[in-house]
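# Report on the structure
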Amino acid sequence: MNSDDRRARFEALAPAVIEAVRRYLARRTDPATADDVLSETLLVCWRRLDEMPAEHLPWAYGVARLCLANAERAQRRQARLTARISAFLTPGPPPPGDAGVTTAMAALRGEDAEILRLWAWEDLAPARIAAVLGVTANAASIRLHRAKQKLRDELRKTGAVAGHEESTEGRRP
Amino acid sequence: MSDDDLRDRLRRTDPAASLTPLPPDRVSRLLEESMSAVVAAPPRRLRLPVLAAAAAAVLLLAGAGWLIFRPRPAEAPSTSAIASSPAATVRLTAPDGGHAAKCREPQPSQLASSADFAFAGTVTGIDATNVVTLAVTRVYRGTRAALVQVDQQPGTSETLMGSGKFEPGKNYLVAANQGTVMICGYSGEADAEGLLSLYEKAF
């Protein structure tokens, strides 16, 4: 691929990547870090364009995930710990209306909450979640199933599930 | 609660739901910045025996360098997979000149956000395989290496500020992203116009 083709390919696919990754980051970190990590993610996409699979969004989320992890690590090192971490754990101001879900998500383990975010917010099926996290589709599927169950349990515990209690599909005694 | 109900409830807490799309000019600026900041280095065939010999020599030098340039423990090295231990020799690749990148005027903010390793150093030698060795005099960001080796590919020309290539005895400011030297006005001879002030602003 010559450099003009390369540019053309990047210019064609990057706008969708930018929008998706921006959202991904807005859900997980503060605006300044999101901006930095977005630029960094794009640089990596450009540099590794030839490795980018046809399903490029999960791949790009995977890159953003690692770039964000690096940024968060660097920030921790720089002792700007407290504010950023809390921004990371409770992403953004939750819209009013479903504080129960927010509370229940906060009570889950980080990786369970993350897989649920990828499923509900990024709207990814298990096979794509697997591509983001670098695990097998089977593992992603099992983890997602368990995480949903844990979220249901949390919601039930906090009583936020009022009115939906009778539906316990998939639940074992 | 069904999966759909659960997903709906989660979606109502999506912090990005109200995020408006980026204006087109911001999108094109982001694209341009990505494509001009770093030129991808093409894969390179390794000449293993030569590299092994060079690596052995470098290890000796790095050992000596470690004693001299030993970092203070408090200054933990930051970022990236370039090198894992302090005072190790960092290896970088200089992109060849074949990729005609469109260069925008270098920006300190771009340098600050893209470079995961930046240093000032003096070229101590260039071996037969075009590997340039620099003795580090100052690390602006990243691994506190004593020595840096840059794989200067044939055709690297006009990509560095100043004379366009590494020459023995001269001082350079070099920034890198994930092991590739950043060109387009982000790396070059230390006394090239504007380069030092770019580094002072960025780091």
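Residues numbered from 1 in each chain as written. Chains lettered and ligands numbered in written order. Predicted model: local features only at pLDDT ≥ 70, side-chain atom pairs only at ≥ 80, totals over all residues.

### Description of helix α2 (residues 31-47) of chain A
All names here are of chain A. Counted at 1.5 Å a residue, the expected span for α2 with its 17 residues is 24 Å, and the 24 Å between its end C-alpha atoms agrees. For α2, the tally of buried residues reaches 12 of 17 residues, placing the bulk of the element in the interior. When α2 is considered as a whole, its buried residues turn out to be Ala34, Asp36, Val37, Leu38, Glu40, Thr41, Leu42, Leu43, Val44, Cys45, Trp46 and Arg47. (Helix = DSSP H or I, 4+ residues; strand = E, 2+ residues; numbered from the N terminus. Expected span 1.5 Å × (residues − 1). Buried ≥ 20, exposed ≤ 12 C-beta atoms within 10 Å, placed from the backbone.)

### Overview of the nonpolar core
Soluble globular proteins: nonpolar side chains tend toward being buried together. Residues Val21, Leu25, Ala64, Leu116 and Ile129 of chain A are the most contacted members of the largest nonpolar core, which totals 47 residues. Of all elements in the fold, only α1 (3-26), α2, α3 (56-77), α5 (99-107), α6 (110-120), α7 (126-133) and α8 (137-157) of chain A together with α1 (3-11) of chain B reach the threshold of two or more residues within this core. In this structure, this core is formed jointly by two domains, domain 1 (3-75) and domain 2 (90-158) of chain A, each of which donates at least three residues. Core analysis: the next-biggest nonpolar cluster, separate from the first, contains 34 residues, Leu92, Leu147, Leu173 and Met182 of chain B among them. (Core = buried A, V, L, I, M, F, W, Y, C linked by C-beta atoms within 7 Å. Domains from an automatic or database assignment.)

### Regarding the environment of Val131 of chain B
Residues and elements named next belong to chain B. With respect to the helices, strands and loops of the structure, Val131 is situated in strand β3 (residues 131-141). Assessed through the 18 C-beta atoms surrounding it within 10 Å, Val131 is described here as partly exposed. C-alpha of Val131 to C-alpha of Val150: the two residues are 19 residues apart in sequence and 5.6 Å apart in space.

### Some remarks on the pairing of strand β5 (residues 171-177) of chain B
All names here are of chain B. Here β5 lies mainly inside the structure; 6 of its 7 residues are buried. Bridge analysis of strand β2 (residues 117-126) against β5 gives 6 bridges, and the strand direction is antiparallel. Each bridged residue has a counterpart across the sheet, and for Phe119 the counterpart in β5 is Val174. As paired elements, β5 and strand β7 (residues 188-189) share 2 bridges and run antiparallel to each other. Bridging from a neighbouring strand, Leu173 pairs with Gly188 of β7. Note that β5 and strand β6 (residues 180-181) share 2 bridges and pair antiparallel. For Ala176, the partnering residue across the bridge sits in β6 and is Val181. (Pairing = 2+ DSSP bridges.)

### Thoughts on the packing of α2 of chain A against α3 of chain A
All names here are of chain A. Contact pair α2 / α3: the axes reach a minimum separation of 9 Å and the direction vectors enclose 130°. With respect to each other, α2 and α3 are oriented oblique. The two elements α2 and α3 cross, and the hand of that crossing is right-handed. Judged by residue contacts, Thr33, Asp36, Val37, Glu40, Thr41, Val44 and Cys45 of α2 engage Ala60, Val63, Ala64, Cys67, Leu68 and Ala71 from α3. Grouping the constituent residues of the contact of α2 with α3 by class yields 9 nonpolar, 2 polar and 2 charged. (Axes fitted to C-alpha atoms, helices over the stretch in contact; angles between N-to-C directions. Parallel < 35°, antiparallel > 145°, perpendicular 65-115°, else oblique. Left-handed = near helix turned anticlockwise from the far one by under 90°. Contact = placed C-beta atoms within 7 Å. Nonpolar A, V, L, I, M, F, W, Y, C, P; charged D, E, K, R; others polar.)

### Some remarks on the environment of Met105 of chain A
Residue and element names in this part refer to chain A. Positionally, Met105 belongs in helix α5. The class of Met105 is buried, set by 25 C-beta atoms lying within 10 Å. C-alpha of Met105 to C-alpha of Leu155: the two residues are 50 residues apart in sequence and 8.8 Å apart in space. In this structure Met105 touches Ala113, Leu116 and Leu151, once residues within four positions along its chain are discounted.

### Remarks on α5 of chain A
Listed in full, the buried residues belonging to α5 of chain A are Val101, Ala104 and Met105 of chain A. Taken end-on, α5 of chain A shows its buried residues confined to a sector of 100°, consistent with a single buried face. The secondary structure elements touched by the buried residues of α5 of chain A are α6 and α8 of chain A together with α1 of chain B. (Arc of directions from axis to C-beta.)

### Regarding the confidence of the model for chain B
If pLDDT is low for a region, its predicted coordinates should not be looked at in detail. Residues and elements named next belong to chain B. Scored by pLDDT, chain B comes out at a mean of 75, with 67% of its residues at no less than 70. Within chain B, no element has a lower average pLDDT than helix α3 (residues 48-69), which sits at 62, and none a higher one than α1, at 92. Low pLDDT, under 50, characterises residues 73-86; the stretch is placed with 31 contacts to residues that sit more than four places away or in other chains. Taken together, the chains of this predicted complex give a pTM of 0.51 and an interface ipTM of 0.78. (pLDDT = per-residue confidence, 0-100.)

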